[in-house]
Amino acid sequence: EGELQQAELRRAHEKARLWDEFEVQRRKDLAKLQQALQRSEEKCNDKYRAFWAVLQHFRTTAEKQKKGRTFRIDVKVNRSDVVSSIAKAAKAHPNVWRELFRQLYVKFEGEDAIDAGGPSKEMLSLFFEQVCEPARGLFQSGGN
């Protein structure tokens, strides 16, 4: 009976040791995952800022070149799915890259706001937030 109790005690100690090892590994894996997510968010933010700077440069250049001619693209945007809204707008304007030189006029569905620049900026901000969501699967973590 004493040997049986010792064997059970050893098994209990082994289970506790294995559980501790599992918990330590789980915490390490969680920390790695959090670091990877942080790096991914930083890369996404860097790409957003770079894209925004390029877009602003092209717009400024285009504004200088058009010399008084006015063009405008009206875009109706669903706030909860900006990515699809922009995709629809791109389909409606086949020469989308050329169209980027024109002024965007954004109207969020169900909202009465005059776009003096704020809604356009908010739409682009929401677009990049939604594009960078891990659930979309458009970006992968670089690992270590």
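Rules and cut-offs
- Residues numbered from 1 in each chain as written.
- Predicted model: local features only at pLDDT ≥ 70, side-chain atom pairs only at ≥ 80, totals over all residues.
- Heavy atoms only, no water.
- Phe/Tyr/Trp six-rings, centres within 6.5 Å; stacked < 30°, edge-to-face > 60°.
- Buried < 20%, exposed > 50% of the residue type's maximum accessible area, 1.4 Å probe, protein only.
- Lys NZ or Arg CZ within 6 Å of the ring centre and 35° of its normal.
- Helix = DSSP H or I, 4+ residues; strand = E, 2+ residues; numbered from the N terminus.
- Arc of directions from axis to C-beta.
- Polar contact = N/O pair within 3.5 Å; in protein donor to acceptor, adjacent residues only side chain to side chain.
- Contact = heavy atoms within 4.5 Å.

### What about the packing of aromatic side chains?
For the structure on display, the rule yields two aromatic pairs. An angle of 85° between the planes, with centres 5.0 Å apart, marks the rings of Phe 127 and Phe 128 as edge-to-face. Both residues of the pair, Phe 127 and Phe 128, belong to the buried class. One cation-aromatic arrangement involves Arg 79 over Phe 108; the distance from NZ or CZ to the ring centre is 4.0 Å.

### Some thoughts on helix 2 (residues 82-92)
By the burial criterion, the buried members of helix 2 are Val 82, Val 83, Ser 85 and Ala 89. Projected onto a plane normal to the axis of helix 2, the buried residues spread over an arc of 160° and lie on a single side. In helix 2, the exposed positions angled more than 90 degrees off the buried face are occupied by Lys 88 and Lys 91.

### Considering the side chain of Ser 85
Structurally, Ser 85 can be placed in helix 2. By relative accessible area, Ser 85 is classed as buried at 7%. A polar atom in the side chain of Ser 85 sits 3.2 Å from the backbone oxygen of Asp 81. Each residue touching Ser 85, except ones within four places of it in the same chain, is listed here: Lys 76, Val 77 and Asn 78.

The analysis is restricted to geometry; functional conclusions fall outside its scope.
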